[in-house]
Each structure stands twice: as structure tokens, then as C-alpha cells.
Amino acid sequence: MPKHEYDSKDRTRGVVAVLQRNDKLLMIKRAEGIPLGGRWCFPGGGILPEESPADALVREIREELGLTIEPGAAVWRWRRGDDGLDLEWWTARIVAGTVKPNPVEVQRAEWMTVETIRNTPDVLANNIEFIAFAESAGMLPKA
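Residues numbered from 1 in each chain as written. Predicted model: local features only at pLDDT ≥ 70, side-chain atom pairs only at ≥ 80, totals over all residues. Heavy atoms only, no water.

Asks: Describe the layout of surface pockets, and please don't skip the residues or the numbers.
Replies: It is a probe the size of a water molecule, rolled over the atoms, that shows where empty space is left. Estimates place the volume of the largest pocket at around 580 Å³. Contributing to the lining of the largest pocket are 28 residues, with Arg30, Leu36, Gly45, Leu85 and Leu87 lying nearest its centre. A breakdown of the residues in the lining of the largest pocket according to their chemical character gives 15 nonpolar, seven polar and six charged. (1 Å grid on protein atoms, 1.4 Å probe; cavity = no way out; pocket = protein on both sides within 12 Å on 5 of 7 lines; lining within 4 Å. Points joined across faces, edges and corners; volume = space filled by probe spheres on them. Nonpolar A, V, L, I, M, F, W, Y, C, P; charged D, E, K, R; others polar.)

Quick look at the structure:
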């Protein structure tokens, strides 16, 4: 995915990690008390003004899940028009640690198949959109 020039200082930028283990993807259930609490999504978070997207991805996954990751590549972008939220989905691989959800941000973390993700209530819609894209691009494990 090409480097982006962001056209607005008001746009909230974020990154999302696509972490795969065998035929499963790591999903989190957001903690109650944070925006969209109780909803399922891929892990990730906001990009600080001084950070690159890759640096933000490493920091967010360490903060949310206690994992050390190596970012791969930005593979998909999603924008919400009403508030300017701008998210990049990145491939990444775990290089150290075990999944230990930070209870302030993450209620639960689970490795799920694509089919399980599709059938889980309360998955954020943009995550389902990503799965459709990734399947069509041959990026996801076959069921």
C-alpha cells in the first residue's frame, strides 16, 4: 500500500493488526467504558502525531495485549466520512510474548477462524468489510 498524505489535521488516524496463527486470526472484545466497548474487532489503536503507522502498531499491540510484534505491510484502508476516522489494516507477526489483555482496553482476546468472526455477534462492520477484501485478495487462510 502506498504511503499516504493525510489531508486533514482533524482526521483521527489509526492502525489495525492482522495477526494470524495457523487458520485463525486474533480478535479482541473491547473493554466496557471505552468507545465501542463490548464490540469485537482486530486489535489496534490511534497513531500519535509523532509516530509512523508501523510504530503505532507496535505500541498499541504491546499496550493492549502485551505482545511484541513485527509489522508487515499496510494492506487495506478504511475511512469513515462523518468524523474522518482513517484506519489502516496491517499484517504483522508476533515475535515475543503471550496474549495478556490489558483489562482497561480489552475485555477478551481470542484466536478465531474467519467463519467464527463472521458469526460472532457485535463484530464491528469494518472488520467484516476487511475480511471480505482479504478473502478476495487471497490473504486469509482457507476454511
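The rest of the description comes next.
Asks: Residues and numbers for helix H1 (residues 53–65), please.
Replies: Every α-helix carries 3.6 residues per turn, so stepping three or four residues along brings you back to the same face. With 13 residues, H1 should reach 18 Å at 1.5 Å per residue; the first-to-last C-alpha distance of 18 Å fits that figure. Listed as buried for H1 are Pro53, Ala56, Leu57, Arg59, Glu60, Ile61, Glu64 and Leu65. Immediately beyond the C-terminal end of H1, within one or two residues, lies Gly66, with a positive phi of roughly 70°. (Helix = DSSP H or I, 4+ residues; strand = E, 2+ residues; numbered from the N terminus. Expected span 1.5 Å × (residues − 1). Buried < 20%, exposed > 50% of the residue type's maximum accessible area, 1.4 Å probe, protein only.)

Asks: Explain the side chain of Asp86 to me, and be specific about the residues and the numbers.
Replies: Mapped onto the elements, Asp86 comes out in strand E6 (residues 86–96). A distance of 3.2 Å separates the side chain of Asp86 from the side chain of Arg79, its partner in a polar contact. (Polar contact = N/O pair within 3.5 Å; in protein donor to acceptor, adjacent residues only side chain to side chain.)

Asks: Before we move on, could you go through the side chain of Arg59 and cite the residues and values that matter?
Replies: Mapped onto the fold, Arg59 is located in helix H1. Take Arg59: its relative accessible area is 12%, and that puts it in the buried class. Among the polar contacts listed, one links the side chain of Arg59 to the side chain of Glu51, at a separation of 2.7 Å. In this view, Arg59 contacts Gly46, Leu48 and Glu51; residues no more than four positions away in its chain are not counted. (Contact = heavy atoms within 4.5 Å.)

Asks: Outline the pattern of salt bridges, supporting the account with residue identities and numerical values.
Replies: In total, this model carries nine salt bridges according to the counting rule given. For Arg77, the salt bridge is made with Asp86, and the minimal N-O distance between the two is 2.5 Å. Residue class for Arg77 comes out partly exposed when judged on its relative accessible area of 23%. A residue is classified by how much of its surface remains accessible, and Asp86, at 1% relative accessible area, is buried. (Salt bridge = Lys/Arg side-chain N within 4 Å of Asp/Glu carboxyl O.)

Asks: How would you sum up unusual backbone geometry? Please name residues and give values.
Replies: Notably, Leu36 is not glycine yet its phi reads approximately 60°, a positive angle. Looking at where Leu36 falls in the secondary structure, it is placed in the loop between strand E2 (24–30) and strand E3 (40–41). One non-glycine residue, Asp122, lies in positive phi territory at about 70°. With respect to the helices and strands, the residue Asp122 is situated in the loop between helix H2 (114–119) and helix H3 (125–136). You can call Asp122 partly exposed: its relative accessible area is 45%.

Asks: Requested: an account of the environment of Asn127, with residues and values cited.
Replies: Along the chain, the position of Asn127 falls in helix H3. Measuring from C-alpha to C-alpha, the distance between Asn127 and Met27 comes to 9.8 Å, with 100 residues separating the pair along the chain. Setting aside residues up to four positions removed in sequence, Asn127 forms contacts with Met27, Cys41, Phe42 and Trp89. At 2.8 Å, the side chain of Asn127 forms a polar contact with the backbone nitrogen of Phe42.

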